Every structure is written in C-alpha cells, then in structure tokens.
Amino acid sequence: MSTMEKNYKPEQPAVGQSISRLEGYEKVTGAARYAGEFNVSDLLYGYVINSTITKGKIISINTEKAEAIPGVVKVFHHKNRPSLAWFSMQYADMDAPPGSPFQPLADHKIKYNGQPIALLVAESFELARYAATLVEITYEQEDFKTDLIANITEARAPKGGLATFLKPPPPKPVGNFEKAYENSPFQASGKFVHGTEHHNPIELFTTTTVYKGKGKVTIYDKTQGTVNCQLYVANVFGLHFKDVRVISPYVGGAFGSGLRPQYQLFFSVLAALELKRNVRVTLDRHQMFTFGHRPPTVQFTRFGASADGKVNALNHEAIAETSRFEDYTEVVVNWSHMLYPAKNTLFKYNLVPLDVFSPLDMRAPGGSTGLHAIESTMDDLAYQMKIDPLEFRLINYAEQDESVGRPYSSKELRQCYLQGAEQFGWNKRNPEPRSMRRGNKLVGYGMATGIWEAMQLPARASATITTEGKLHVNSAVTDIGTGTLTVMSQIAADEMGLHMDDVTFTYGDSKMAFAPIQGGSFTVSSVGSAIKAACNALKKKILKKAKSIGNSPFKRVKIDEVIFADRKMISIDNPAVFISYSDIIAANGHKVIKSVNFAMPKVFKLKKYSRAAHSAAFVEVEVDEELGIINVTRAVTAVAAGKIINPKTARSQILGGMIWSISKALREESITDHRFGKYMNMNIAEYHIPVHADIHDLQVIFVEEKDDIVNELGTKGVGEIGLAAMPPAIANAIFHATGKRVNQFPIHFDTLM
Amino acid sequence: MITENISTPVISHKKKLSLTINGEVKTLEVKPWVSLLDCLREHLDLTGTKKGCDHGQCGACTVIVDGKRILSCLTLAVMKDGASITTIEGIGKDGELHPLQKAFIDHDAFQCGYCTPGQICSAIGMIAEGKAKTRTEVKELMSGNLCRCGANTNIIDAIMEVQEGLTNE
Amino acid sequence: MNDFNYTRVYSMDEALANVSLGKGHRVIAGGTNLIDLMKYFITTADELVDINPISEHQTIEELPDGRLRLGAFATNADTAYHPLVESRYPLLNRAILAGASAQIRNMATNGGNLLQRTRCYYFYDINTPCNKREPGTGCSAINGYNRTMAIMGTSEHCIAVFPSDMCVALAALDAVVNIVGPEGTRQLPFADFHRLPGNTPHIDNNLMDNELISSIDLPEKGFSSSYSYLKLRDRNSYAFALVSVATALDLEHGLIKEARIALGGLAHKPWRVQEAEDFLKGKQASKTNFEAAADLILQGAKSFEFNAFKIELAKRAIVRNCMMALDPDTQQPGAQPSL
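Given the structure is predicted, the values throughout are model-derived calculations rather than measurements.

J.: What should I look at first to understand the packing of aromatic side chains in this one?
T.: All told, the structure shown has 32 aromatic pairs over all chains when counted by the stated rule. Centre to centre, the rings of Phe-424 of chain A and Tyr-445 of chain A are 4.8 Å apart; their planes meet at 75 degrees, and the pair counts as edge-to-face. Separated by 21 residues along the polypeptide, Phe-424 of chain A in helix H10 (residues 413–424) and Tyr-445 of chain A in strand E18 (residues 441–453) bring together distant segments of the chain. Counting every residue linked through ring pairs, the aromatic cluster contains Phe-205, Phe-237, Tyr-263, Phe-266, Phe-267 and Phe-291 of chain A. Over the ring of Trp-660 of chain A we find Arg-148 of chain B, and its NZ or CZ is 4.0 Å from the ring centre.

Printed below as a string of structure tokens:
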C-alpha cells in the first residue's frame, strides 16, 4: 500500500461514451470466424433434404443410388433414426410456445412444405448437395390449408401457459366499447393485412459439430442462445448437460431466427454422434424459408373520438397464423391502451392453425404489426377531425398506462414528439393531402408513435480480477451484431473503475455464466444487470481480502465507504488510503479473485409500474404521381429508452430498425402459392430487402430519460423500438402525399398509380 | 425427377490449379464443381469471404479478381486458374488496416459483420472503377451488396469519407 | 449442381466442336446465370466448355462502315463503359447499368446476356410444373402468383418474361446478332433472335444447340441526343424489371424523324411495336403523341390475376420515358424515374 497523489480525478465513465465496436478489427479483416468457419480436420458435410409436399406421409425413401456414389457416407431419415428422446417436451427449448415442438425425423408424417426429412452426409459439400437429389422419395399427399385469409373463420383463442409471462394476452374489456363507439362523433376503422416475412440474416444457418468421443460434443452454432441450444441437444440426444458445449462467437445476424434451435443443429449433432465424426450442416438460402417466420396477420380496428379530440373508444382485433403443432403468439393488440387513455376498450387476439411451420419472433414481433394498425387508425382520426396528427397524439397523451392502471417507470415520449418534430421540420407540413410536391413527385409527411416493453430476464455473470490486476467478465450471451461485447465491457469497466483497455469480456459459449436467449431488447438489462451484480460481489470480496492483510487500514471500513476507481479500491473518507487491484492479487497469493452472480428483476417493485421504451417517427416520402414509385427521402426517429450505454452502437440499432421499417412497409414479403402450400420467392433476389439505393437521409435522436426503477442500469433496450413507429409513419406519409390509405404491407408502388 | 436427363452420372477428376491469392501463389487440386467461394472457404481456410446466398443475390462473397470485383459464388475455381485474387484477408498491408477498413470501424458501418468483407471488397472495386461521383451513384453502384442489419447509411458514409479522401489527393 | 467434366477451349472451332457433341456439353462464359441454374438443378451438364480462353470476340470494335461490334465474350461492364458506347450509344450504357449489380456486370458477357433464362418463380422451383423447364407439365404461373409475368405475346403454355435490360436497348437500337455454327456464320436481326413462347416455351431463342453467338453489331446511328432508359421495379436497384422502357428519338425542329420504343418486363422477348413507331414519325414530340403511341403499343395486352397494373404502368412508363428522352441529362442512376 502506498500513498497516492492528491487531486485524484475519477476516470470519465465508459458508459455513455460512443465507443467503436471492440470486435471491429476482426470484422473488417475477415478474422472473425462464424459458426460455419471452424475448419476442423476430418470434416464431413451434411445436406438436408426437404419435403416437396405440404401435408401427408412419406411412403418410401430409397437411398441406394445416392449411397452408391463414392464419398457418400450415409443418409439419415425417419426409418433409420437412432432412438432419441420420445417425450415431446424434451424438444421444447426456452422459446417454445405452448404445444408440441417439431421433432425432426420423428416419423413419416409431413406437416409442412419444406419440412426436413433426411440428411445426406458426404465427404464434400458439393457431393452432399448433389447426392441428395438422388434420394428417391415417394409420398402420399393429403389436403392442406395454408391460407390465413381463406380460413379466417377458423380463428380460435390461443392456448395459455408459461408463454403468457412474456407475451400477455389482450387486456380485458373496459367500459362499453360498442356503445361508446356508436356515440363517437368521429370514427375511424381499418382492416390491416400483413403477409409472411422471413428473417433472412445474411449468414446462413450452420452448425459445425466437433465429435469429442464418449457422448461429448463441441458445437459451433449460429444461435441467439448458446445455453438454449446446449439444453436442447442434451435433452434430445440424452447427453449430459456438461458434455455439450455450444460456442457462438460471431453471429451473422439473426433478428429472432436464432431464438430457437434450428434444424441444422439437430442434424449436425445427430450425424456427428452416429458417425463419430465432425460434421457441418449448412442450410441453403431457400432452406432459410423452411422454419420460423413472422406470421401473416389480419387486424381490424375501430377507434372513436369525442368532439374535444379525445379518443374514448378503442377496438383492436388481430387474427394470426400459427402451425398445427404449436400456438405461437405475439403481443399485437395490447399497445393502443398503453398509449391512449380511452375509457372504453375491446381487444381480441386469435389464431388460425395452418399447415405451416410455427412462426417465430422476428424483430419487434407483434409490436411492429399492431402499431401499424393503431397508428394509421389514429392518423385517419386526426385527418377526420382536422387536427394535426402530432397535436392529436399530445391531446391523448397517457400520463400512466391505462391498460393496467399503473404509472410508467419513466416516459419521455412527449420529448420524443417535440424533439423529433423540431428536427424534422414538422411545422412545414401543409395539412392538406396531395398539397405538397417537388416536380412531378408528391411529397408527404407522416408521423407515428412507437412503444416496446422494457423487460429483464434472470441472468448470471462471472467477474474476475486477473493476476495482472485486470478485470475479466464472462457470460454465455451471444453478440448478434447488437454491440453486446462493447456495451458489456463498458458496464464492467465503470463498475470496477477501470479503463476499457483493462477489461476483457468473453461470451458466446455455453460453458460461461448462464444467459437467456438474446432477444426482446432485454440483453443489456438482463446480462448488464448480472455483470453489475457480479462486480458488486467482487468488490465485497476485494474489501474482505484487503481487511485480512496485516495492519490493513480497511479493517473497519464498510463497502459503502470505499470507491473503486483507477484500478484501485479507495477510501472515500481518506483518498490517501487505497489498494490497487494488483496489490490485492499479490496479497491473495497471486491467485485471481472471482465472483459469479445472478441478477433477477425485482418483481415486487416492478409490479407497481409499467416499463416501456417509447419513440416517435417522422417521415418524408416522395411518390411519383404517375408511376407510383415511393422513396422515403427523409426520416427522424426520436427514442426514449432509458440510459443509452453506447450512443454509437445504439444509434446503429435504431438505424437498423428504421431500415427494417422501410423494408416492412415497402419491400419484404414471402409470397405463398396456396395451391402448392409453399413460398414462391425463397431467395433474396426475389424476397426484396432494401438495397443501398433505397436508403436516404435517416436521423436518430436519443431523448434524455432517467429511470431508477426499470433496472439498476436504467436501460430499456434499443433492438426493437426503431421498428415500432416508422412503418405506420411511412404509411401515413404516403396518405398525406397521395390521399390513398393503403393498409396492406408491403405497399406495392403500383397501388398508388 | 430432375436428374433424369443425365444418363450416367459423370464422376469428374480433380484439376490442378494455381491461384495467386493476396500475393501468394497457391497450388491446389479441386473438382470442377467447386465454386471459387467454396475453394477459398473450405479448401484454403480463407473464411473472410462470406457465403450469404450462394446464388449471386447478396454480394457477401465479393472478391477482387484481376483487379475487378466479382462474385466468387458464381464462378468456378477451375475457371480462375492463373488469376490473381484479393480477398478481405489481403486488403490491408503489413498489418495496417486499409483506409476503408478504418472508416468502416469509425462509422460503425456494420453490426453482425457478415456482409462486411463483401461490402469492403466491393467498395474497393468501385473506387477503382472510378465511375461513382456522387452519393447517389455510390449507393447505386454498391447496391449489389445487401446488408440485413441496416447499416446502409453508415456503410455509405464510410465509403464517401474514403472516396472523398482519394479525390482530394 | 451435378458433377461434370471441365474443358477449356482456345478457339471458336474448338468450342463449336464441343457444343456439337450434344446437350450434355454446355458453354460457360461469365457463368452468372448458368452456375445459378446448375446449383438449383434447373440445368445440368456433363461437361462445361469454358470459352473464356478464346482470344477472339472479347473486344468492342468499330467497323470500317461505322457500325460498332460488341464481342460476345466482352463483359457487360466493359461494354457499358466503352468510350464509343458511352458517347454514341448512351442508351445501351444506361440499360446495361440498370441490370444486375456491378459485380455481376463485371462477370456477365454480352452473349450470355442474350441467352439468360427467365426469372419466373415457377421456372426456378423444380418441384412445380413448368412448361419451360419440363415441357408438357403445364404452366403454374397462369393461375398462380403472376405479378411479375408477361402481358404481351403470352401463350396458354407460358407467361414468363425475359429478364434482360441490355437486350431492351439492343432491340431499340436495331442490333444484329452474329452467329457461328458448323455451317459457317449467319446473322439474325435482334427482333428475330428471341422467340415468343407459343407451344414451345422451352425454346427461348433461335440459336441452335450447335451454334454460338460471336458478336452483336450496332448500326452507326446511336440516338445519342435523345434517349432514355427507365426501369420500374420493386426496389430501386438489384431487382428485375416489372416494366422497363428504352426510348430513342431522332428529332428535327421538335418533330420526330424516327422513334424507337422497346419494352422489357412485359414479354418473352424485348417488345417493339412498329405501328406505334410509325405513328410518331413526323409528329411533335409531345406528351399527347407519346400517349397515343403508348396506347398503340399496349393495345393487345392481356393481363392475369395479379399483373393487370402492368398495362397502365407500361403506358405511363412509355410516356414518361419519351419525355425523359427529350432531356437525357435528367436520367437518374439505376434508371429511376426523373423529371
């Protein structure tokens, strides 16, 4: 222990700084290895064979021709599948909706078009792909239904269950909606139709399974949950939990598609265990359309407002697709009453089971669907009442969450509206539709509100003071491109009073401290809180160690009487009393000091509040008057999402959400031919996501929002909120430009001619 | 059956070829059906070049062959015998990042990073072509590289910074 | 992709000898369409004949009589950016640059561009019936999702469209296709190169299996003063046309001496209507006259469940593009609408 110089200044905190991604070098040099890029020796390649019918039975599978080709190792199918877990729930991963999860190769039944029905394993990728076409399969076809609209009368209530914890059912009716609506001087209603969308991350789903012998496997997988996949593999294949290690250091985008184990994982592990070899299975782009997707949804709204501009009646009903075997649900209709304090409400959410694979959360699931209907109906009302759409939102501003009668833990939506409008120049809007133009292009301004629940899930983290006196933190969490590595390092650095350079964060490995699946905008709040908890515990261990040293000046010091800064523990009363981390480690016999801790949401405290991130989007579109071609020329999204840990990566998250908004409103759709029960554009030449030429001026504002309740970090998450408000803002801008309200997404330009 | 028009399946032999990759001559033997992309990734362990669609729809596999940006998924390795190929691993020199690589980091021009090598190789090819003078033209001539995370504006910002830098020289 | 042998050829004679061996021998040049089709098992081959080593037909050359000869093996990018194409045939430059992506244009050849297959969803899905892929199985598009399909020159057997942009300009410019075969060389006017589906939709064009395209000739007249290419599609770039229009005008004192209007995305081949071009001759270059010409072009249009919009869209696109041709400097990158 030594005396420190006076005038000690704590380092500038890392949290709140715009720090470039720590893995940037690896990503721009090609050094970052993704799941399909671990070129272990003695590797076999598997190619999945998919059903070409939509429903029925496999009558025969003939693999003779294929297996006769030199280099073909084996074809796995339902008839030669080894005995695996038989109990359906063994296949249930952490994100499984109520029902009975799909079991690959379980039997001869075909449940949907593109169902994986066999795996051909060969010495090379090219051979596996080719020989797969030589496997002869005969089917018995049955009638099927894949069309939501044609079968909408079959809608029924979803099954309840654990899933309702994160996805609550619609709130119960309040007041008397029908009467209130009937008596409303202003009424707006709409039918909103959304088609199927597929996540289509640019990286293909792939798994490399390294066979370690004796029922042990190390798996490089593309996933949003290493522990989730570990659990799934252990359960399905009857392996010891500890013998399964799932590693996912880099994930080439996922957007929800990696929340559940995808079938290439099952097949890769199956083949590796059976053949006792290393096996890689990579899906083709068209196979990326053969699992979860954003479900097609039809919505109906009826909103009524009184003469003073107050919304007094809200009715929002949604009917969505699910599979025959699981009841996948989204929160679609719960949002309007969280935003607008009407006295009379009626909400319904129903499902139509069809012969498709189960839908799966896709960026801003439910919210981006429901808010389109809500915010376009609100827009419609505003025009009817001749009130500025922004003014109309302010008139109906909810100071508390009326849907549950609780205050918000924080809500700076008003500032989102005001700052967004200011930066956008909303006041330059001529209220009249079709009144603004540039040359032969109609110009439209539109705005909308966004909301996304701020969630926290239980998570663990491990924090260690290393022998060099530095900090190492770990979690099994993935970084799907959200900036998790950088942000977690920032949180940890500040907790222990270290420079970013003195902190390492390792992640993406099921061996590390437990983390939930990465989604729902809850990663920072969940894992970040766990890191905080682990660091807090570590601090106590450091103090305890310091007390144990002979003549320690810390003998009577309590934990709240020290600070941790500048690589040291320092007495607050007397800054001359301190001990550096390296001295602590030396005192510990040069052994590391480590703490692994758990962070849970403080349920009892949180129950008193609603917690949500909010946003306001302002959009300018240009629509070619004769040709209909639409461009989103300018957009501003103002976001209130609590504490922003890293404005640089958070801004990118919002920009990503804004570009997804353009895609959702104007570009992407999986086209189904219901005669065949399959998607027809199963490639990214015809499944249109935006190209650079589609993207113009996008601006992001983070509104200051302090929240001491939501979690210890005060964060609400930024992964989804960028996609909440902007799709309806685009639709509303198109209405303003053209006078046409198109409620079907994506909006094809030709509908505006 | 789709394979009916092949009477007896051909079983081809490996071909010997020589590729100059990032300045280094590599000789190897591959079968004709191996794409340049799979040759790089599976045979040469150069996994920086990415497979996003394998059908010329996304641009993730962009590499520079004899000075031009092309898609390595739509060409066969055997067709490039004797060619000079630059991949993302060879963009920087002597451990120094290329200005575009630096600009991509500074502008946060990627999230998941999977389209990034293709974006960077494509941008280098585009700058060498010298046809893009405005931001609109850069966007058009970079439109063969999809980004699903939505880093588009940051990618174009990064390219504009470097391109302007070059024209100022 | 099935397994195949690979041969490099170094002369046209060698190439012809190979292709005459039969269907299993396929020529590969840029590969941008063929490898795509082979990976989907839409096309198979026993032997790929690589013609890239052939030194002929790689260049763009001006002929003594003023015509421009585009080598069949020159890339689309080299063609578009050739100084004589940029200056004398800017319409061709615009059309090429509206197609595919920069990387693909750096690979794809001119000959290959003429020979590319349709992008019809059903043609691309080997598990659905398609007369073009498997003659006699039926057309899934006629009663299917046909938003992208043809409205001109369709048959009950096929409503696919030809996806090229380059060829729309070549059609407008009255290009001539030079072909070599076992019997020597022959020429086909561009309009006669591609076929309508009729009852043989599996045959895209009039090139015989044992022939090769050697080059494409452009007449000296390039319409470099009044021209425009407009491409309307579901995103601003890197997507196939729903409707595209190539317009070339020869104007004198505000009157139209000669008009060329070719359309893409509407038919099994680039679409031109002589009657409409004749109508414009000697008339004022006015919106009204262009509208009348557009009506003439679209008068035989037949739409299907999801593509009725194409008729009106094509009419408006023709008019717009003719107006843009009067002021070619207003053209936007990616052949987006301007004015």
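There's plenty left to go through after this.
J.: Would you mind showing me how to read the sheet that holds strand E8 (residues 206–213) of chain A here?
T.: Note: strands within a sheet are paired through backbone hydrogen bonds, in either parallel or antiparallel orientation. Residues and elements named next belong to chain A. The 7 strands lie next to each other as E3-E5-E1-E11-E8-E9-E10, forming an open sheet whose pairing is mixed. Looking at strand neighbours, the two that pair on one side only are strand E3 (72–77) and strand E10 (244–247), the edges of this open sheet. Going from strand to strand, the sheet's axes swing by 20 degrees on average, the running direction of each strand aside. As defined by bridge partners, strand E9 (residues 216–221) adjoins E10 across 4 bridges and the pair is classed as parallel. Within E10, the position partnered with Tyr-220 by the bridge is Ile-247. Across the sheet, helix H3 (residues 125–132) touches strand E1 (43–50), E3 and strand E5 (116–122), and the angle it forms with E1 is around 25 degrees.

J.: Honestly, the pattern of salt bridges in this entry has me stumped. Any pointers?
T.: Side-chain pairs of opposite charge can arise whenever the charged atoms involved come near each other. This structure, assessed with the given rule, holds 79 salt bridges over all chains. In this structure, the salt-bridge partner of Glu-23 of chain A is Lys-27 of chain A, at a minimum N-O distance of 2.8 Å. In terms of burial, Glu-23 of chain A and Lys-27 of chain A fall into one category: buried. Glu-178 of chain A is paired through a salt bridge with Arg-302 of chain A; the nearest N and O atoms lie 2.8 Å apart. Of the two residues, Glu-178 of chain A is situated in helix H4 (residues 177–182) and Arg-302 of chain A in strand E12 (residues 297–305); the sequence distance between them amounts to 124 residues. Judged by its relative accessible area of 24%, Arg-302 of chain A falls in the partly exposed class. Shared partners join several salt bridges into a network, and the residues in it are Asp-174, Lys-221, Asp-250, Glu-258, Arg-260, Arg-272 and Glu-277 of chain C.

J.: Would you explain the interface of chain C and chain B in this entry?
T.: The accessible area lost on association of the parts is a frequent measure of interface size. Opposite the 40 residues of chain C that make contact, chain B presents 42 residues. Summed over both sides, the interface between chain C and chain B buries roughly 3,500 Å², with carbon and sulfur atoms accounting for 58% of that surface. It is Asp-3, Tyr-6 and Gln-103 of chain C in chain C that bury the most area against chain B; as a group they hold 19% of the surface buried on that side. Applying the counting criterion to the chain C and chain B interface returns 4 salt bridges. For Asp-54 of chain B, the salt bridge is made with Lys-39 of chain C, and the minimal N-O distance between the two is 2.8 Å. Connecting chain C to chain B are 17 residue pairs in polar contact (both at pLDDT 80 or more). Looking at the side of chain C that touches chain B, the elements that each hand over two or more residues are strand E1 (5–8), helix H2 (34–39), strand E3 (47–50) and helix H6 (102–107) of chain C. In terms of residue count, the dominant contributor to the side of chain C that touches chain B is H6 of chain C (6 residues).

J.: I'm lost on the interface of chain A and chain B in this one. Help?
T.: Contact with chain A, which involves 64 residues of that partner, is made by 55 residues of chain B. A buried area of about 4,800 Å², summed over both sides, lies between chain A and chain B, and 56% of it is on carbon and sulfur atoms. If you sort the residues of chain A by the area they bury against chain B, Val-28, Ile-202 and His-692 of chain A come out on top, with a joint share of 18%. The residue Lys-50 of chain B makes a salt bridge to Glu-37 of chain A at a minimum N-O spacing of 2.9 Å. The greatest single-element share of the side of chain A that touches chain B, amounting to 10 residues, is contributed by helix H15 (residues 647–666) of chain A. When its residues are assigned to classes, the side of chain A that touches chain B shows 29 nonpolar, 21 polar and 14 charged.

J.: Just checking my understanding: could you explain the confidence of the model for chain B for this structure?
T.: When pLDDT is low, close inspection of the predicted coordinates is not appropriate. Residue and element names in this part refer to chain B. Of the residues in chain B, 92% reach a pLDDT of 70 or more, and the chain-wide mean stands at 93. Segment residues 1–6 is flagged for pLDDT under 50; beyond a separation of four residues in sequence, or across chains, it makes 11 contacts in the model. For this predicted complex, the interface score ipTM comes out at 0.98, alongside a pTM of 0.97.

J.: Mind showing me how you'd approach the sheet that holds strand E1 (residues 15–21) of chain B here?
T.: Residues and elements named next belong to chain B. The strand order across the open sheet formed by 5 strands is E2-E1-E5-E3-E4, and the pairing between neighbours is mixed. The sheet is open, and its two borders are formed by strand E2 (24–30) and strand E4 (68–71), each paired with just one other strand. This sheet shows a mean twist of 40 degrees between the axes of neighbouring strands, independent of strand direction. The sheet contact formed by strand E3 (residues 62–65) and strand E5 (residues 84–86) spans 2 bridges and is antiparallel. If you follow Val-65 over to E5, its bridge partner there is Ile-85. Its contacts with the sheet place helix H1 (residues 36–43) against E1, E2, E3, E4 and E5, and it is angled at close to 100 degrees to E2. Against the sheet, helix H3 (residues 116–129) engages E3 and E4, with an angle of about 40 degrees to E3.

J.: Please explain the packing of helix H2 (residues 99–106) of chain B against H3 of chain B as it appears in this structure.
T.: All names here are of chain B. One can describe the packing of H2 onto H3 by two numbers: an axis separation of 10 Å at closest approach and a directional angle of 130 degrees. Our classification of the angle between H2 and H3 gives oblique. In this structure, H2 crosses over H3, and the sense of that crossing is right-handed. The segment H2 lies against H3, with Leu-100, Gln-101 and Phe-104 engaging Thr-116, Gln-119, Ile-120, Ala-123, Ile-124 and Ile-127.

What counts and how
- Residues numbered from 1 in each chain as written.
- Chains lettered and ligands numbered in written order.
- Predicted model: local features only at pLDDT ≥ 70, side-chain atom pairs only at ≥ 80, totals over all residues.
- Heavy atoms only, no water.
- Phe/Tyr/Trp six-rings, centres within 6.5 Å; stacked < 30°, edge-to-face > 60°.
- Helix = DSSP H or I, 4+ residues; strand = E, 2+ residues; numbered from the N terminus.
- Lys NZ or Arg CZ within 6 Å of the ring centre and 35° of its normal.
- Pairing = 2+ DSSP bridges.
- Axes fitted to C-alpha atoms, helices over the stretch in contact; angles between N-to-C directions.
- Contact = heavy atoms within 4.5 Å.
- Salt bridge = Lys/Arg side-chain N within 4 Å of Asp/Glu carboxyl O.
- Buried < 20%, exposed > 50% of the residue type's maximum accessible area, 1.4 Å probe, protein only.
- Buried area = accessible area lost by both parts, 1.4 Å probe.
- Polar contact = N/O pair within 3.5 Å; in protein donor to acceptor, adjacent residues only side chain to side chain.
- Nonpolar A, V, L, I, M, F, W, Y, C, P; charged D, E, K, R; others polar.
- pLDDT = per-residue confidence, 0-100.
- Parallel < 35°, antiparallel > 145°, perpendicular 65-115°, else oblique.
- Left-handed = near helix turned anticlockwise from the far one by under 90°.

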